[in-house]
Amino acid sequence: MTSTTATSAATTTTETRSVVVERQIPYPPEKIWRALTQPHLIEEWLMKNDFKPSVDHRFKLSADWGSVECQVLVVEPNTTLSYTWAAYGLESIVTWTLTPAGSGTHLRMEQSGFRPDQEQAYQGAKHGWQQFFANLEKVLVRAD
């Protein structure tokens, strides 16, 4: 996403970047949705939390390194989940999209809003989401 603001003296461009992770997962959207929205399952693959799948619900994700303040933006069961993700000066949005694909689901996660001066957060998210996805897939194997 790029936004450009023109002034009489100069042109200023503010660009943000996104981290996108996509996977084909051999489970139906309903099963993945449960892992994305049930607090005890979220804790297994992401962090401790007080999540509720309700628009405007404010929740916190907590880990040994600190916490993330979040607010639910979109809840479309088995299709789309979106929430803010604010920590250490990063104001971003995480959006999960579930699309039925053959006998499984195409799962897409996008965390958007990384400013150019947030390279460390961007690189951390790129690495972190790979690990979170690996954990999520392990939870899906075990979950009902």
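**Student:** Break down the sheet that holds strand 9 (residues 104-114) for me, with residues and values.
**Tutor:** Across the sheet, seven strands lie side by side as 3-9-8-7-6-5-4; this open sheet has antiparallel pairing. This sheet does not close on itself; its edge strands, each paired only once, are strand 3 (17-25) and strand 4 (48-49). With eight bridges connecting them, strand 7 (residues 80-87) and strand 8 (residues 90-101) associate as antiparallel partners. Within strand 8, the residue paired with Trp85 across the bridge is Ser92. Across the sheet, helix 3 (residues 119-142) touches strand 3, strand 7, strand 8 and strand 9, and the angle it forms with strand 3 is around 15 degrees.

**Student:** Describe in detail the environment of Pro53, supporting the description with residues and values.
**Tutor:** Tracing the backbone through its elements, the reader meets Pro53 in the loop between strand 4 and strand 5 (58-63). A C-alpha to C-alpha distance of 6.0 Å links Pro53 and Thr37, two positions 16 residues apart in sequence. The contact partners of Pro53, leaving out residues within four places of it in the chain, are Thr37 and Val75.

**Student:** Account for the pairing of strand 6 (residues 66-76), naming residues and giving values.
**Tutor:** Alignment of strand 5 against strand 6, held across six bridges, turns out to be antiparallel. The residue bridging Arg58 from the neighbouring strand is Gln71, located in strand 6. Between the end of strand 5 and the start of strand 6, which pair antiparallel, lie two residues. Across five bridges, strand 6 lies against strand 7 in antiparallel orientation. Across the sheet, Glu76 pairs through a bridge with Thr80, a residue of strand 7. Connecting the antiparallel pair strand 6 and strand 7 is a turn made up of three residues, with Asn78 showing a positive phi of about 65 degrees.

What counts and how
Residues numbered from 1 in each chain as written. Predicted model: local features only at pLDDT ≥ 70, side-chain atom pairs only at ≥ 80, totals over all residues. Heavy atoms only, no water. Pairing = 2+ DSSP bridges. Helix = DSSP H or I, 4+ residues; strand = E, 2+ residues; numbered from the N terminus. Contact = heavy atoms within 4.5 Å. Axes fitted to C-alpha atoms, helices over the stretch in contact; angles between N-to-C directions.

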